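# Coordinate inspection notes
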Amino acid sequence: MFDAISAQRVRLADQFDGFTDDQWNTLSLCDGWRVRDVAGHLLSILEIPLGKFLLNIAMARGFDRYSDQVAREIGARAPHALVAAFRAKAETRFSPPVVGPIAPLTDLYVHTSDIRRPLGLPSELDPAVLPTILNFVCGGKARGFVPSSRTAELRFEATDIDWSIGSGPLVSGTGEAIMMVATNRKSALADLTGSGATVLTHRLG
């Protein structure tokens, strides 16, 4: 997983390296965050020691508030500095307690799509890694990412990779689209088919 994380950070840095100012300032799928703010969020957990990060959350009176603050602060850096930081931190290992490295791997893959979808860029996610992430987000164990009730009693089948999980009404689509909808990205619902997709639409509200 750590190798997959490093490889995706490098791919993302390569993609960032060619962005225009308009692309950096395009709104991502993360509510209120521009592409550069998502980059800032991904860098924040690599640059700020865990102890300091937790202390800052307490001082800011909440994870969401501090996460938003630091994402915007780091995201305000010049594009070349953001790219350089991604390359410099590509090999950094971060494994949250209990969940482990699947959490930063999933976070990185989801946020990569949060960036590329509004920009109309092709997906550059490793198809060999996606099944691991899909098992996590659709398997009822993704604490902090996906409520188990969202994906319960549904059958998920990817159309572009050899992967499936669950039983019940069918949700069919690309692995990337399933990942995005499982993590509450409603815009990706249009990329899914099957009676289970209708169930998911109602569950997401």
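The preceding data block contains the structure.
The notes below deal with the structure included here.

### Remarks on the overall build of the chain
For the chain, the helix and strand inventory stands at 11 helices and three strands. Starting at the N terminus and walking to the C terminus, you meet the elements of the chain as α-α-α-α-α-α-α-α-α-β-β-β-α-α. Over its C-alpha atoms the chain spans a radius of gyration of 17 Å, differing by no more than 12% from the 17 Å that the globule rule assigns to 205 residues. Principal-axis analysis of the C-alpha atoms gives the chain an extent of 45 × 35 × 30 Å. The burial tally for the chain puts 49% of its 205 residues in the buried class.

### Some remarks on the nonpolar core
Residues Phe16 and Met179 are the most contacted members of the largest nonpolar core, which totals 62 residues. Take this core: its biggest share by element is seven residues, from helix α7 (residues 102–119). Ignoring sequence-local partners within four residues, the contact set of Met179 consists of Tyr109, Val110, Ser113, Leu125, Leu130, Ile133, Leu134 and Val137.

Conventions adopted
Within each chain, residue numbers correspond to sequence positions counted from 1 in written order. In view of the model being predicted, local features appear only for residues whose pLDDT reaches at least 70, and side-chain atom pairs are presented and counted only at 80 or more, with totals across whole chains, interfaces and linings using the full set of residues. By convention in this description, side-chain values take in all heavy atoms of the structure and omit both hydrogens and water. Secondary structure is summarised from DSSP: a helix means a run of H or I of at least four residues, a strand means a run of E of at least two, and numbering begins at the N terminus for each. All radius of gyration figures rest on C-alpha atoms, and the globule criterion is 2.2 Å times the number of residues raised to 0.38. Only protein chains enter the accessibility calculation, which uses a 1.4 Å probe; a residue whose area is less than 20% of its type maximum is buried, one above 50% is exposed, and one in between is partly exposed. Buried Ala, Val, Leu, Ile, Met, Phe, Trp, Tyr and Cys residues that are joined via side-chain atoms within 4.5 Å together make up what is termed a nonpolar core. Note on contacts: a residue pair qualifies if any of its non-hydrogen atoms lie within 4.5 Å across the two residues.

By themselves, these are just geometric observations and shouldn't be taken as functional.
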